Amino acid sequence: MFLDSQIALFFLIGIVSSILFHISVASVVSTGNFNKDFYVLWSPTHVNTSADGHTRTLKLDQQSGAGFASNQMFLFGQIDMQIKLVPGDSAGTVLAYYMASDQPNRDEIDFEFLGNMSEQPYILQTNIYADGFGNREERIYLWFDPTKDFHTYSVLWNLHQIVFMVDSIPIRVYRNHGDKGVPFPRRQPMSLEATLWNGDSWATRGGQDKIDWTKGPFIASFRNYNIDACVWKGNPRFCRVASHVNWWNLNNFSTLTSPQRRWFKWVRKYHMIYDYCQDNERFQNNLPQEWSLPKY
């Protein structure tokens, strides 16, 4: 009887240890070296990385744009990247910084920085694709000049919400209302990507302002990224568990804090210029279901 109890105890310890091991290896804190954590998507001649791997630039000219993507894919976590946007007359350029799955019915979490004419404010567009459908654009004017210095752009993604942040200020919240039939990215792992490309058919004043190639090449800079997320190993349950490792799944991060809510309302009141949930004309008075649901 005593021997049976010992065997059962060792068996239980083995199961718990295995689970804790899988949880521990599921989460990654990035190395900070672009050469180790990312690969070049296209046009390596337009991607420049410092000798220590800590900074990287993307270049757009008449020959090509460029992009890079993470070596790993993730299911939930937080990503941060310090970015300095294309300076001067950047009309028609698009810098995209986003998470994306590799399935036909893709999920995406997008930051898109839309180039501007000199002295005009930069527009930051965010979008979310869930199960292959997007059309969830929101736009804000940034309250600073993002070409003068680096600023931190972050995404917190867990089972409860997706929070877009600029210098830790929440600018957008997309809650998981899956129980009410609203699609939410929760099953497909995503990579982290950044691309700089010609979007002058639509990006600046609806495509009225084209790229002035005499002002190029156009350069965007990246540094001090942090990826604290669950590395996809093929089993989603390790990424959905709440633990000190998968801290983003803890109850503390299931909704905005009171200070975050105040900042969020400030952004919405003073800096928002477009919200798809307010666009009756576009949706022919049939707004997406989430327009009437709480954001926190």
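Predicted model, so just to flag it, every value in this text is computed and none were measured.

> Before we go on, may I ask you to explain a nonpolar patch on the surface in this structure?
A grouping of Tyr39, Leu41 and Trp42 is seen on the molecular surface, where their side chains present a nonpolar patch of about 270 Å² in accessible area. Tracing the sequence through the fold places Trp42 in strand β2 (residues 38-42).

> Before we go on, may I ask you to explain the state of the cysteines in this structure?
What we call a disulfide is simply a covalent bond connecting the sulfur atoms of a pair of cysteines. Per the stated rule, a full pass over the model turns up 1 disulfide. A disulfide bridge connects Cys230 with Cys239, and the sulfur atoms are separated by 2.2 Å. In this structure, the disulfide formed by Cys230 and Cys239 twists by about -75° around the S-S bond and is classed as left-handed. Each member of the pair, Cys230 as well as Cys239, carries the same accessibility label: buried.

> Help me out: how do you make sense of the pattern of salt bridges in this one?
For side chains of opposite charge, pairing can occur when their charged atoms come near one another. Across all of its chains, the model carries 10 salt bridges by this definition. Here Glu108 makes a salt bridge to Arg106, at a shortest N to O gap of 2.7 Å. On the basis of relative accessible area, Glu108 is assigned to the buried category, the value being 11%. Across the salt bridge formed by Arg136 and Glu290, the nearest N and O atoms sit 3.4 Å from each other. Note that Arg136 is positioned in the loop between β9 (123-129) and β10 (138-141) and Glu290 in the segment after β16 (272-275), a separation of 154 residues in sequence. By relative accessible area, which is 7% here, Arg136 ends up buried. Look at the salt bridges and you will find they share partners, linking Glu138, Arg172, Arg268 and Asp275 into a network.

Cut-offs applied
Residues numbered from 1 in each chain as written. Predicted model: local features only at pLDDT ≥ 70, side-chain atom pairs only at ≥ 80, totals over all residues. Heavy atoms only, no water. Patch = residues over 30% accessible without salt bridge, like charges linked within 9 Å, V, L, I, M, F, W, Y side chains within 5 Å. Areas by Shrake-Rupley, 256 points an atom, 1.4 Å probe, with all protein chains shown as cover. Salt bridge = Lys/Arg side-chain N within 4 Å of Asp/Glu carboxyl O. Helix = DSSP H or I, 4+ residues; strand = E, 2+ residues; numbered from the N terminus. Disulfide = S-S within 2.5 Å. Buried < 20%, exposed > 50% of the residue type's maximum accessible area, 1.4 Å probe, protein only.

Without other data, these values stay purely geometric and don't point to any function.
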